Structures are given as C-alpha cells and as structure tokens.
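As a plain string of letters, each chain reads:
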Amino acid sequence: MGRRKKRAALNVEQVVEFLNHLLEEKPLLPFVIPLILLLWVIERWFFSFSNWVPLAIAVWATIQHGNYQRRILAEDLNKKWSQVVLNTTPITPLEHCEWFNKLLMEVWPHYIGQKLSIRFSQMVEEKLELQEFSLGSTPPCLGLNGTRWSSSGDQQVMRLGFDWDTNNISILLLAKLAKPLLGTARIVINSLHIKGDLLLMPTLEGKAILYSFISVPEVRIGVAFGSGGSQSLPATELPGVSSWLVKIFNETLVKTMVEPRRRCFSLPAVDLRKKAVGGIIYVKVISASKLSRSGLKGSPSRRQNVYSADSNSEEHYDDKDLKTFVEIELEELTRRTDTRAGSDPRWDSTFNMVLHEDTGVIRFHLYECTPSNVKYDYLATCEIKMKYVADDSTTFWAIGPDSSIIAKHAPFCGNEVEMTVPFEGANSGELTVRLVVKEWQFSDGSHSLNNFRVSSQQSLYRSSNFLSGTGRKINVIVMEGKDLMSKDRSGKYDSYVKLQYGKILQRTRTAHSPNPVWNQKFELDEIGGGEYLNIKCFNEEIFGDDNIGTARVNLEGLVEGSVRDIWVPLEKVNSGELRLQIEAVRVEDNEGSRVSNSGSGNGWLELVIIEAKDLIAADLRGTSDPYVRVQYGNLKKRTKVIYRTLNPQWHQTLEFPDDSSPLVLHVKDHNALLPTSNIGDCVVEYQRLPPNQMSDKWIPLQGVKRGEIHIQITRKIPEVQKKPSLDSESSLTKAHQICSQMKQMMVKFHSLLDGGNLEELSTELSELETLEDTQEEYMVQLETEQMLLLNKIEELGQEIFNSSPSMSRRSSGS
C-alpha cells in the first residue's frame, strides 16, 4: 500500500509539472481548452460534429508529452556529457575569478591580516620588536587574467595569476637601543609588489594540494629607516636594504616554492589541533637503478680527466664498474651507505634520523668512488619532503619524471612508505627508499607512537603545574654508543659524552672503544617549557678534544614509571649513535611523602640578595658595576647598581608567588652607553626546602672563571605562617609614602638632567624600577586582601541570613 501511495504521489507531481510546462510553452492554452469544451457541449446536446474531436485532442496531448520527455532527456544527456568532457579534456577554457577577489577583499582586513600578523611576530628576532603590522586594505589579486585547469596523464594542474601591488601597508620594526638612550631605531616596510603565476596541483585523491610558482616572481619591497618616538612614518628610502630584502625573499622562494620545488597544503578530514615539534624517522636506502655515467650530473668533467691525450688510446669506463654510495641529509644530520658497484646497486641500509620540526626535507646525494682519486665525485641529488598532517598522519612528496608528482600518505606512525624517485637534473637513474615515521612529538609533550596516542595520559603531566620547575627528577642513563667516529690519526678511541640540561652540565667517563659502554646515571631536575637535553660527544686529544657529534632530545611529556629507551643519532657527523634510558620520577621529602610540584598555591618566595664576592672585572679599570637581574618564570626583577666594586653588597629583598618556576640569577655589569655584559649566573634550587624555613647559601656563578653570590631564600606558606595583613590606616600611609617618593624622584630627575650627570641618573632609574616593582607587589597584595574581605563579608551575610528566624520564615513562606 505504501509503495502504491508513493507512486500515485509521483504521478500527480509529474502531471502537475507537465501542465506547468505546457502553460509556459503554450500561453494560449487556457483559452483553447474552454473553447474545446464549448464545442464538445454543442456537439453533445445540439448536433454531432463527429468523433474526431476527442481523438484529435488525445493525439495532440501525446505529441506534446513526447516533446517534453525528449527535452528532459536532452538536458540530462548534456549535463552528463559536460561532466565527461570536464573530466577528460586536457585543458579547460579561461575563466575569470572576480567573485573570488571580491570575497578576498571582504575577509582580508579583518581575518587574514590578523593571522599573518601573529605568524610574522613569532618569526621576528628577540632584538627586534614588531610594533605595527598592517597589510593594508588591498589584498592580492588572484586570476585577474583568468584561471585554467589542465591535465597531462595523471598530472592535474590549475594555473592562476598572483598580483599584489600595494603601498598602504605598514610593517614597523623597532630595534631597541641600550640605556640611557632609551630610544629605538625604526625599520618600516611601506610598499610591496609581488607578481607571478601560481600552480595548484591536487594529489593523494584530494587529501593535499601542492603549490608553487612557475618561475621566480617579480618582487619589489620598499623600506624606510628612522628613529625617535613620533608616530609619523619616516620617509628616508634605503635602496640597499630594499634590494637585500628582495634578494633574500627570492632566494627563499627558489629553494622552497618555485618549480619544481613545491610546498604542501594538507586537507585532513579530522583536525586534532596538535602542533608537531619533531619526530623520529627510519630511512632505508634500498637500491638505485639505471645509473649511467653519461646521464648523471657532473660526469662530463670527470670524463675529461679519464681520457688520455692520445685519441687512439682512450680509456673506457663501463657502467658496470661504477662504484657509488648515497649520503642521506636531514637538517644537520647526515649518514652514508656503503659503496656498491654496478649500474643497479643495492644497499639495504637503514638509518635512524631525527627531525626537529613538523616538516622536513630528506636529501639523497649520490657519489662515485674512483680508485685513482682521493675525493669522491658528486653525481646527482634527489629529495623527498615530508609533513605532519593534523589528523596524526604523514604526507611524503617528491618530484617525479618530467616534473610530475610522486606522493604517498602514511595514515599513522609505523606505516612503511616506499618511493622511487628520479635524480634531479640527470638523464638517467632513480633511487628507491622506504620511510617509516616511528614517532611524532608535540608541543604539549605528548607523543604519537605506532598508532598509539598517549596524549590523554600525557595531558596529566603537561598541566600548568609542569610548565616549569616541576619538582620531578629525570634520570638519564647514558648506556652505550656505536659506530662513533675517531679523528685521531693513531686510530685511538677515547670518547666521552657531555650532557647539558638548562644550566646543568654533566660528563661521562672516558671509554676506549668505537662501541663504548658507559652505563652512567645522571639525575636532573625537570624543567618545563620545551627545554631540550643537549648532547655533545667528544674524543680526547692531547691538544684539545675533538667534537665527534651532537644531538638533542625532547624531555617533555615523560610518564612516571615508564623508561624510555632510545637510540639517538649524532648530528654533523657521518656516523654514530648513543643509547639513552630516560625516566621521570617523583621527588620524595625526608618523611617519604611526595613533594607537591605545583607550589603552595597561596604561598610566596622571599629572596634576599645579600652580597657577592670575587666577581670578574668587566671594565678596563679592573672593576665592575654589578647588579642582579632575577628571572622567575615570566617575572623579571632587578636590584640596584653598585658601582666600581668586585664585592658588592645589596641587602635587597624580592618576593614572588610560589608556583615552582625556575629561579635564575643573572649578575650583570651596568654600562651607561653600551649594552650590559653578563658576569655570571646561577640557578637557585628551592623546591625541596621545608616551609617557612630560611636557607642561607653561597652559590658559585656559572659561565665565568670565578665569583659567588650570597642569598637567603624562604618558602612561606600562609597556612603555617600568615603574611601580616594591612589595615586601612597602614594602607593609606603606605600609599602616601610611595607617591611622595616618586614625586621626589621626578624632581631629582629634572635636576640631574640639567646637570648632565648620567651615572647618578642611571642609579636613580634603577631605584625607580625597584620602587615600581614594590608598588606592583603592594597593589597585588591589596587586590588579594580585597578579594578575601569580600568573601568574608559574603560568608557573614549568609550566616546572618541563616540565623535570622524572620528571614528564614519569609523564605519558607514564599
């Protein structure tokens, strides 16, 4: 019954649609139908014409319905044919993109400009400050001369023009000058012109898009320079700086996104919103094929050397005698295979490589070994690019034959990808490799390992409590090494390892073997915030130790109770790996209970910087002008300057909220005209101090030959010893004192400026900064006490409400 009803409904809809079509095609039909009915009535009741009228109407309706069906079928066939033509045609007509440029003009100033500002500010160096970033209201124009889609075999490319010419941008960079000038040098980029043709190439069935410029685009950058604090833009053009920036910009484009170099834009179905900061990749060089001296790069010069002067006696090298090896390069990490002979050599060599970003370029350099030559002959190069995708997968792509695309996709870590890549710039030869991503490391400390995502576990150890100074210990065991290089001519192996984590330096004993075994354990205090474990391997020599490799390991996201056993490849050398076992453990106090790493919450640190002794001389007169800059997490404070002494005394108290951040002291030499110089620093370990007990210690300064600093530090907890609160009278008195002191300092500034006394002016400036820090601490304390007071008033009001019988009856009655 249900099917019959559906069919009846469909028939009614078709009839209605057919009638509407007739009314559109035959607008006089409503007048013809009543006329026919009138004639039929006359023929029926008065006299009979014949039986041809119903027959004629039936024939006419049948013809009209047939025409309608043929028209619908023709439209359907045209749609299908246009789709077939679109999919099979090698090139499409030129289409313009005014609608896209209109959309870009709408979203440009409020969205894209702000996003680019954030990305650009992260790239600016520390000595430069991004003061203003505005790309103006004129976006780049895409496809003004039209876009065209072309295909050649499996290669599909969309070509569109890119033209960005604007002079209403304003990118202002401030270069800070040293005290007491307190000025800035301003670099302004005020115009930009980029014009070229872009290529967009979809790959991996639409999972990614490769993009590049067809050739080096036309670039012009306008740069101006000025100084001072006015908001008007300087008008002095610097053509030298402008051409230098254009040169750097073009060189970067040629290396990254000018044909055949391409960049990748991934289109994942799922975005896990994790930022990869590194990974471990296993690269296996399998074999090469179709190698030929005549077709490989660099062979002509080599062939000129092997030909003799006599044309009749010509020495011929067969491709079967070709002996080659491959050098693999990933950032500063290089490895090489053994030498194999023939035009189709096979190596089957696997290498453990480390990547320190979310993208990387693995380059494969082919070299030839000749018996009569000490140096190796370079033949050709090919490369494979890789990128982490937001759905926890990895994309690999390379340049194929005739600049085609070779792309592979690994859905999760542990997937093996095999690629055969031709050598660039060569007429023969291709390389077959296998790539396996063993692990991705993320900015939140989590890892993606063999399709097992541990981010849910790692998030427990990447909360705000572990961002810095976690209170945990990291046990690093340097187990062994293998294939270490020996730079000694005698061939001796006297290798040792240095570990650096934060300010801590550790060293293993010396081992006398190319595959040494140390099995030494080092205990380090965990530091958050993306701190790496830096490793340097040395070989002892009589006249200075040789560096035989470096590496760095990310220690974020370690789970307690699990040991991480890894082989770390050494960078900047051709061979060598170190085996490490890393474990994070919770620190226990004297009573056996675990120490909280999150700080006391409402507690604070009281640091008293008393004095220093035996400092190094930073001035030509044999003295220094020392002061101490204290860095506690993101907070920075400083003491006053003590002039012309190597044994200063400060006796200055500083306070910080106790959140277990690392406490670092930097002893600086003050200079009125030039930048300050560092004369030592140290780390204050306070996490294991008992509450409300003062620790008095002399700490040696690191990074210098001598010097010590005397401090007193106390972890104060409110539950045990409450900080004295301020009553209204003392608060008012303290506020008046701070205001009066600042007024006196301002009067003194004017007098010192008139007298031109720069040293005393610098001293007063440092004291003013200290007073501002005191005022800030005082305001924070007032806000805290105000909050506590409001909470207390709210509790008292609730108690009064609960204890009043009349109010309770009213509330119950209502």
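Going by the structure above, here's the rest.
What comes next is a walk through the structure. Note that the structure is predicted; figures quoted are calculated from it, not measured. (Residues numbered from 1 in each chain as written. Predicted model: local features only at pLDDT ≥ 70, side-chain atom pairs only at ≥ 80, totals over all residues. Heavy atoms only, no water.)

So, on to the sheet that holds strand 35 (residues 663-669). Read from one edge to the other, the open sheet built from four strands follows the order 33-32-35-36, with strand pairing classed as antiparallel. If you trace the sheet from one side to the other, it starts and ends with strand 33 (635-638) and strand 36 (677-684), each paired once. Recorded for the sheet is a direction-independent mean angle of 20° between the axes of neighbouring strands. Two strands pair when backbone bridges link them, and strand 32 (residues 626-632) and strand 35 are joined in this way by seven bridges, in the antiparallel orientation. In the sheet register, proline 626 faces strand 35, and the bridge partner there is aspartate 669. (Pairing = 2+ DSSP bridges. Helix = DSSP H or I, 4+ residues; strand = E, 2+ residues; numbered from the N terminus. Axes fitted to C-alpha atoms, helices over the stretch in contact; angles between N-to-C directions.)

Residue position: lysine 385 is located in strand 16 (residues 377-389). Spatially, the C-alpha atom of lysine 385 lies 5.8 Å from that of glycine 360, the residues being 25 residues apart in sequence. Contact partners of lysine 385, with chain neighbours within four places excluded, come to Thr256, Arg261, Arg262, Gly360, Val361, Thr395, Phe396 and Trp397. (Contact = heavy atoms within 4.5 Å.)

For the structure on display, the rule yields 20 salt bridges. Here arginine 261 ties to glutamate 383 by a salt bridge, and the two come within 3.5 Å at their closest N and O atoms. Taken together, the residues span a long stretch of sequence, with arginine 261 in the loop between helix 5 (239-256) and strand 9 (263-266) and glutamate 383 in strand 16 at a distance of 122 residues. Across the pair, exposure class does not vary: arginine 261 and glutamate 383 are buried alike. As a salt-bridge pair, lysine 274 and aspartate 392 come within 3.9 Å of each other at their nearest N and O atoms. Here aspartate 392 lies in the loop between strand 16 and strand 17 (393-399) and lysine 274 lies in the loop between strand 9 and strand 10 (276-289), a separation of 118 residues in the sequence. Owing to a relative accessible area of 2%, aspartate 392 belongs among the buried residues under this scheme. Each member of the salt-bridge network shares a partner with another, and the members are Arg261, Arg363, Glu383 and Glu424. (Salt bridge = Lys/Arg side-chain N within 4 Å of Asp/Glu carboxyl O. Buried < 20%, exposed > 50% of the residue type's maximum accessible area, 1.4 Å probe, protein only.)

The next point concerns the pairing of strand 25 (residues 504-507). Bridging between strand 24 (residues 495-501) and strand 25 involves four bridges; their strand directions are antiparallel. Its bridge partner lying in strand 25, lysine 498 is registered against arginine 507. Hairpin geometry of strand 24 and strand 25 is characterised by an intervening segment of two residues between the two adjacent antiparallel strands and by a positive phi of about 70° at glycine 502.

Moving on: the pairing of strand 27 (residues 532-539). Burial of strand 27 is extensive: six of the eight residues sit out of reach of the surface. Here strand 24 runs beside strand 27; their pairing, made up of six bridges, is antiparallel. Opposite serine 495, over in strand 27, you have asparagine 539 as the bridge partner. The pairing of strand 27 with strand 28 (residues 546-554) spans seven bridges and is antiparallel. Within strand 28, the position partnered with isoleucine 535 by the bridge is alanine 551.

Strand order across the open sheet formed by four strands is 34-31-38-37, with antiparallel pairing between neighbours. Single-partner strands in this sheet number two, and they are strand 34 (649-657) and strand 37 (695-700). Adjacent strand axes in the sheet meet at a mean angle of 25° when their direction is disregarded.

Before going further, it helps to spend a moment on the side chain of asparagine 539. As for its position among the elements, asparagine 539 is in strand 27. Residue classification places asparagine 539 among the buried residues on the basis of a relative accessible area of 0%. A polar contact of 2.8 Å, which involves the side chain of asparagine 539, links it to the backbone nitrogen of aspartate 494. (Polar contact = N/O pair within 3.5 Å; in protein donor to acceptor, adjacent residues only side chain to side chain.)

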